[in-house]
Amino acid sequence: MGGYGVSLVGHCHPKLVKAIKEQCERLIACHGSLYNDRRAELLEKLVKIAPKGLNRIFLSNSGAESVECAIKAAVKYTGKHEIISMVRGFHGKTLGALSATWNPKYREPFRNLINPNFKFVPFGKLDRVEEAITKDTAAIIVEPIQGEGGVHVAPNGFLEGLRKLCDEHGIILIFDEVQTGFGRTGCMWASEHWGVRPDIMCVAKAMGGGVPIGATIGRDDVMGSLKVGEHTSTFGGNPLACAAACATIDVIIEENLVERARILGERFKRILNDMIDEFRILREARGLGLMLGLEARVDIHNILMRALKMGIILLYCGRNVIRFLPPLVISMEQLETVANVLREAISEEEALLAKGVINDGT
Ligand SMILES: Cc1ncc(COP(=O)(O)O)c(C=O)c1O
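Residues numbered from 1 in each chain as written. Predicted model: local features only at pLDDT ≥ 70, side-chain atom pairs only at ≥ 80, totals over all residues.

Draft legend 1. Focus on the pairing of strand S13 (residues 321–324). What you see with S13 is no split at all: Val321 and Arg323 on one side and Ile322 and Phe324 on the other are buried throughout. Looking at chain direction, strand S11 (residues 291–296) and S13 are connected through 4 bridges and run antiparallel. By the bridge assignment for S13, Leu292 is matched with Phe324. Across 2 bridges, the pairing between strand S12 (residues 315–316) and S13 is antiparallel. Bridge assignment links Leu315 to a residue of S13, and that residue is Arg323. Linking S12 back to S13 in an antiparallel pair, the connection comprises 4 residues, with Gly318 at a positive phi of about 85°. (Buried ≥ 20, exposed ≤ 12 C-beta atoms within 10 Å, placed from the backbone. Helix = DSSP H or I, 4+ residues; strand = E, 2+ residues; numbered from the N terminus. Pairing = 2+ DSSP bridges.)

Draft legend 2. Representation of the sheet that holds strand S1 (residues 54–60) within the structure. With mixed pairing, the 7 strands of this open sheet are ordered in space as S1-S9-S8-S7-S4-S2-S3. Looking at the sheet topology across the chains shown, the edges are occupied by S1 and strand S3 (118–121). Here the strands of the sheet are splayed against their neighbours by 20° on average, with no regard to which way each runs. Helix H4 (residues 63–78) contacts S1, strand S2 (82–86), strand S4 (137–142), strand S7 (172–176), strand S8 (200–203) and strand S9 (214–219) of the sheet and is inclined by roughly 25° relative to S9. (Axes fitted to C-alpha atoms, helices over the stretch in contact; angles between N-to-C directions. Contact = placed C-beta atoms within 7 Å.)

Draft legend 3. Looking closely at the nonpolar core. With 113 residues, the main nonpolar core has Ala74, Ala139, Ile140, Ile172, Ile174 and Ala244 as its most contacted residues. For this core, the leading source of residues is helix H10 (residues 239–254), giving 11 residues. In this structure Ala244 touches Leu16, Ala19, Ile20, Gly208, Gly209, Val211 and Ile213, once residues within four positions along its chain are discounted. (Core = buried A, V, L, I, M, F, W, Y, C linked by C-beta atoms within 7 Å.)

Draft legend 4. Up close: the domain arrangement of the chain. Domain assignment breaks the chain into domain 1 (9–254) and domain 2 (257–355). The interface is formed by 18 residues belonging to domain 1 together with 20 residues belonging to domain 2. Of the residues contributing to the side of domain 1 that touches domain 2, the split by class is 7 nonpolar, 9 polar and 2 charged. (Domains from an automatic or database assignment. Nonpolar A, V, L, I, M, F, W, Y, C, P; charged D, E, K, R; others polar.)

Draft legend 5. Up close: the confidence of the model for the chain. Taken over all residues, the pLDDT of the chain has a mean of 97, while the share at 70 or more is 99%. No element of the chain has a lower mean pLDDT than S12, which averages 94, and none a higher one than S7, which averages 99. (pLDDT = per-residue confidence, 0-100.)

Draft legend 6. Region of interest: the packing of helix H12 (residues 301–309) against helix H13 (residues 332–355). With their axes 9 Å apart at the nearest point, H12 and H13 run at an angle of 135° to one another. If you check the angle between H12 and H13, you find them oblique. Here H12 and H13 pass one another in a crossing that is right-handed. The residues of H13 that touch H12, namely those facing Asn302, Ile303, Arg306 and Ala307, are Val341, Leu342, Ala345, Ile346, Glu348 and Glu349. In terms of residue class, the contact of H12 with H13 is made up of 6 nonpolar, 1 polar and 3 charged. (Parallel < 35°, antiparallel > 145°, perpendicular 65-115°, else oblique. Left-handed = near helix turned anticlockwise from the far one by under 90°.)

Draft legend 7. Seen up close, the pairing of S4. Counting buried residues along S4, 6 of its 6 residues qualify, which places the element largely inside the surrounding structure. Sheet topology note: the S2/S4 ladder contains 3 bridges and is parallel. The residue of S4 that forms the bridge with Ile84 is Ile140. Two strands pair when backbone bridges link them, and S4 and S7 are joined in this way by 4 bridges, in the parallel orientation. What sits directly across from Ile140, in S7, is Leu173.

Draft legend 8. View of unusual backbone geometry. Although it is not a glycine, Tyr4 adopts a positive phi angle of roughly 60°. Among the structural elements, Tyr4 can be located in helix H1 (residues 2–5). You can call Tyr4 partly exposed: it has 14 C-beta atoms within 10 Å. For Val151, which is not glycine, the phi torsion reads 55° and is therefore positive. Within the secondary structure, Val151 is located in the loop between strand S5 (145–146) and strand S6 (152–153).

Draft legend 9. Quick peek at the environment of Gly289. With respect to the helices and strands, Gly289 occurs in the loop between strand S10 (282–288) and S11. In sequence terms Gly289 and Ala190 are 99 residues apart; their C-alpha atoms lie 9.6 Å from each other. Filtering out sequence-adjacent residues up to four positions away, Gly289 remains in contact with Arg184, Thr185, Gly186, Ala261, Arg262 and Gly265.

Spelled out as structure tokens, the structure:
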């Protein structure tokens, strides 16, 4: 589970702990209207690793907040107000981000507050995106790999096609890398797998190693369209969170965690694919790096509960997809332990289904 994708550098990494302790003794809070050296250091680090051309940053406290800022910047820059989002897309649960989030379960209770200027198109279908574009379209928002929606990797050509459509129509392309960012998928940013650069990128989750922080990283002209005071955050960019984020980024780079995610991810995916050959109730393994999903033909609830009893906390996305977001510092032995537990939990489920003791829940 990896703390829902937060713990890229594991739990209480000594470098992170040291940086937080040291910063506590110097300065904990410092509003964004004042200069702070730790914030400056983080901004420099982020610009260095961000996709080229994205060099203006707004610091906040969460993934949803990073999306709110992206939406406002796109609307302000273009002077337009419609946003295209994806079926199964997830961008958070504050009202702007919720308007871009697809799942009716999250939207319905608040339908009267949801912004009607957000439209949903099937993920991966360029022709449907093109049809949805109007003269009022400000932005397209997309996760390069959908996380909550079931670990769906953008089909080749999709992000490239979105880039082209955005360029042709003067639309802002927003990549939500809250879950995929900082090496999770085997590249620093998932967008690198396709060589496509967004105009704005949203990040959070792993960024502070567990300390709340988010960032909206965009083109200078786009982010600069938000004038002083139009979008602010009291806690955003506080020195404590910035110290944690600096240390986290240093660890990711120094310990080669991006490469590690790629190599371990390939090996673990192979194990998952072997399981698909072994078990009738499994359908597909998908994902990149250490962001993987295992789709079953049955409800996975019992499998997750059984794994939990055996000491492994697994994550779901939907009723039939097991999601893996382990720390990138995990060892291959630990991944093999996960696989063994999973195998046992699945084979028990398969045996009970075969005996007709339980039904498949579908
Ligand atoms: C892609 C994506 N965007 C946004 C969010 C929202 O982040 P937060 O829960 O920090 O607000 C999430 C959280 O899971 C996410 O996966």
